[in-house]
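Descriptive structure summary
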Amino acid sequence: MSDDVSPDPVKLPPEPDERWQSRIFLGVDHPQNRQLLATLLSRFYSLQDLPTEPLKWTQAVDLCIFDTAFLGRCADRIAKQREAASPVFLPFLLLLKRPHLALMTASQRQQVDDVITIPVDQTELLLRIESLLRARQQSLKLSDLLAQEKLREQQLEADNQILHQMATQDGLTGIPNRRAFDEKLAYEWKLGRREQTPLAVVLCDVDYFKAYNDTYGHIAGDQCLREIADVLNTAIRRPADLATRYGGEEFSLILPKTSLEGALHLLNRIRSNLRARAITHPKSSVSPYVSISFGVAGAVPSDELQPEDLLRAADAALYQAKAEGRDRIVMTSAIAPASPLIQI
């Protein structure tokens with residue numbers, strides 16, 4: 001019989017409610033030492049076989065005890081499992097003859113968390129095991145707290161996204177609202193200034209909408225606004241483009257990397273799609289169907305201009321479109337808003 005592990009009985013069990021909760025793997029090649037350790041430790045812990053790949057050892061055991069023969073045979077696996085366990089602490093306890101303690105290499109020292117020399121004192125062994133298991137339990141608790149905190153952060157982020165969506169979505173039409181327009185315009189202005197790409201803004205106004213409401217009532221008026229929102233929203237095809245309800249019967253479009261000619265092409269498609277819907281409007285002075293007036297402004301963002309300049313130019317163009325008869329497109333450059341280009 002080997003005298004590496006003393007067979008003397010020792011009474012140092014964990015608390016009763018902790019019995020079997022801690023799982024230990026014995027990577028001990030020496031048969032007698034393995035048998036003696038198994039007899040001792042099985043009184044207090046659940047002994048586990050070597051976990052099979054791809055299961056992480058930290059999911060199957062709480063402590064690994066091994067000797068130098070096992071370390072030499074499975075050094076690569078031990079290194080991989082220690083890396084895989086991080087940041088959870090999975091302790092590794094090495095059984096080592098005292099004369100070999102000074103001969104441990106730096107690589108071997110990196111693979112273990114504690115060393116106990118043999119012949120092994122059973123009381124010292126159990127105390128070392130309990131110390132390592134307490135450290136693991138603290139690590140597991142910390143990991144669980146961090147996981148819970150991460151879940152709370154993810155839930156908070158999801159809640160904030162929902163709140164932001166609610167705050168930037170128009171309740172009637174379902175498309176983005178004025179707040180979303182302001183945020184998008186500020187973002188695209190900065191992006192266009194950095195990349196020196198054109199930016200077009202369109203303000204739209206439903207022609208004689210008050211008369212439509214007076215004729216058909218507010219319920220029909222709300223449905224009309226939903227129809228127009230759908231026409232605008234389905235007409236834009238690029239992810240960066242945005243259609244919003246600007247307020248009341250006014251809508252808006254933000255068209256990044258779009259020239260005035262590109263904006264005109266899109267608006268002609270919108271007018272065509274709206275005519276195809278043929279929303280009856282007998283009180284309109286310009287068409288038997290619902291129509292829209294458009295004011296368009298474009299510019300390449302620069303330090304000399306502000307987003308408000310582009311918005312004011314689009315608003316001036318819309319005012320001119322309404323003043324000149326409605327149901328038309330008026331375009332202007334934000335740099336020279338006094339000379340708009342009219343397209344009917």
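Below is a summary of the structure that appears in this document. Computed from a predicted structure; not experimentally measured.

**Some words on the sheet that holds strand β3 (residues 63-67)**
Taken together, five strands build an open sheet; the order of strands is β2-β1-β3-β4-β5 and the sheet is parallel. Strands with a single pairing partner mark the edges of an open sheet, and in this sheet they are β2 (46-48) and β5 (114-118). Direction aside, neighbouring strands of the sheet carry axes that sit 30° apart on average. Those strands touched by helix α1 (residues 31-41) are β1 (23-27), β2, β3 and β4 (92-97), and its axis lies near 170° from that of β1.

**A closer look at unusual backbone geometry**
Following Ser 86, the chain continues into Pro 87 via a peptide bond in cis, with omega recorded as 5°. Residue placement: Pro 87 occurs in the loop between α3 (68-85) and β4. Geometrically, the link from Ile 118 to Pro 119 is a cis peptide bond, its omega value of 5° lying close to zero. Within the secondary structure, Pro 119 sits in the loop between β5 and α6 (122-167). In this structure, Tyr 208 is a non-glycine residue whose phi angle is positive, near 50°. The topology assignment puts Tyr 208 in the loop between β6 (199-206) and α8 (209-216).

**Let's talk about the environment of Leu 26**
Its place among the elements puts Leu 26 in strand β1. What makes Leu 26 buried here is its relative accessible area of 4%. Sequence-wise, Leu 26 and Cys 64 are 38 residues apart; in three dimensions their C-alpha atoms are separated by 6.2 Å. With sequence-adjacent residues up to four places away left out, Leu 26 is seen in contact with Arg 34, Leu 37, Ala 38, Leu 41, Leu 47, Gln 48 and Ile 65.

**A short note on α3**
Counted at 1.5 Å a residue, the expected span for α3 with its 18 residues is 26 Å, but the 21 Å between its end C-alpha atoms falls short. Where α3 bends most, at Cys 74, the angle is about 80°. Those residues of α3 lying buried are Phe 70, Leu 71, Cys 74, Ile 78, Gln 81 and Ala 85.

**Quick look at the pairing of β4**
Within β4, five of the six residues are buried, which leaves it mostly tucked inside the rest of the structure. Crossover handedness for the path β3 to α3 to β4: right-handed. Summarising the sheet, β4 and β5 pair through five bridges and their orientation is parallel. Its bridge partner lying in β5, Leu 93 is registered against Asp 114.

**Remarks on a nonpolar patch on the surface**
A cluster of nonpolar residues, Ile 162, Leu 163 and Met 166, forms a patch on the protein surface that exposes about 320 Å² of accessible area. In this structure, Leu 163 sits in helix α6.

**Points about the pairing of strand β9 (residues 292-299)**
Among the eight residues of β9, eight are classified as buried, and the element is accordingly described as predominantly covered. Along β9, one buried face is formed by Ile 292, Phe 294, Val 296 and Gly 298 and the opposite face, lined by Ser 293, Gly 295, Ala 297 and Ala 299, is buried too. Of the crossover connections in this fold, the one passing from β9 over helix α11 (residues 307-323) to the parallel strand β10 (residues 329-333) is left-handed.

**Quick look at helix α7 (residues 178-195)**
Counted at 1.5 Å a residue, the expected span for α7 with its 18 residues is 26 Å, and the 25 Å between its end C-alpha atoms agrees. Buried within α7 are the following residues: Ala 180, Phe 181, Lys 184, Leu 185, Glu 188, Trp 189, Leu 191 and Gly 192. Along its buried surface, α7 packs onto β6, β7 (242-247), β8 (250-256) and α11. For α7, the capping residue at the N-terminal end is Asn 177, with a side-chain oxygen 3.1 Å from the backbone nitrogen of Arg 179. Residue Gln 196 follows α7 closely and has a positive phi angle near 55°.

**Points about the packing of aromatic side chains**
Tallied over the full model, the rule gives nine aromatic pairs. Their ring planes at 65° and their centres at 5.8 Å tell us that Phe 66 and Phe 92 sit as a pair that is edge-to-face. Of this pair, Phe 66 sits in strand β3 while Phe 92 sits in strand β4, placing them 26 residues apart in sequence. Among the residues examined, Phe 66 registers a relative accessible area of 0% and is labelled buried. Since its relative accessible area comes to 0%, Phe 92 is described here as buried. Pairing Tyr 212 with Tyr 216 gives two aromatic rings, centres 4.9 Å apart and planes at 45°, and the pair type is tilted. Here the residue Tyr 212 and the residue Tyr 216 both occupy positions in helix α8, the gap between them amounting to four residues, near one helical turn. Here a set of aromatic residues connected by ring pairs shows up, and it is made of Phe 25, Trp 57, Phe 66, Phe 70 and Phe 92. Above the plane of the ring of Tyr 208 lies Arg 326, whose end atom (NZ or CZ) is 4.4 Å from the centre.

The rules behind the values
- Residues numbered from 1 in each chain as written.
- Predicted model: local features only at pLDDT ≥ 70, side-chain atom pairs only at ≥ 80, totals over all residues.
- Heavy atoms only, no water.
- Pairing = 2+ DSSP bridges.
- Helix = DSSP H or I, 4+ residues; strand = E, 2+ residues; numbered from the N terminus.
- Axes fitted to C-alpha atoms, helices over the stretch in contact; angles between N-to-C directions.
- Contact = heavy atoms within 4.5 Å.
- Buried < 20%, exposed > 50% of the residue type's maximum accessible area, 1.4 Å probe, protein only.
- Expected span 1.5 Å × (residues − 1).
- Bend = angle between axes of the 7 residues up to and from the residue.
- Right-handed = clockwise from strand over helix to strand, strands pointing away.
- Patch = residues over 30% accessible without salt bridge, like charges linked within 9 Å, V, L, I, M, F, W, Y side chains within 5 Å.
- Areas by Shrake-Rupley, 256 points an atom, 1.4 Å probe, with all protein chains shown as cover.
- Salt bridge = Lys/Arg side-chain N within 4 Å of Asp/Glu carboxyl O.
- Polar contact = N/O pair within 3.5 Å; in protein donor to acceptor, adjacent residues only side chain to side chain.
- Phe/Tyr/Trp six-rings, centres within 6.5 Å; stacked < 30°, edge-to-face > 60°.
- Lys NZ or Arg CZ within 6 Å of the ring centre and 35° of its normal.

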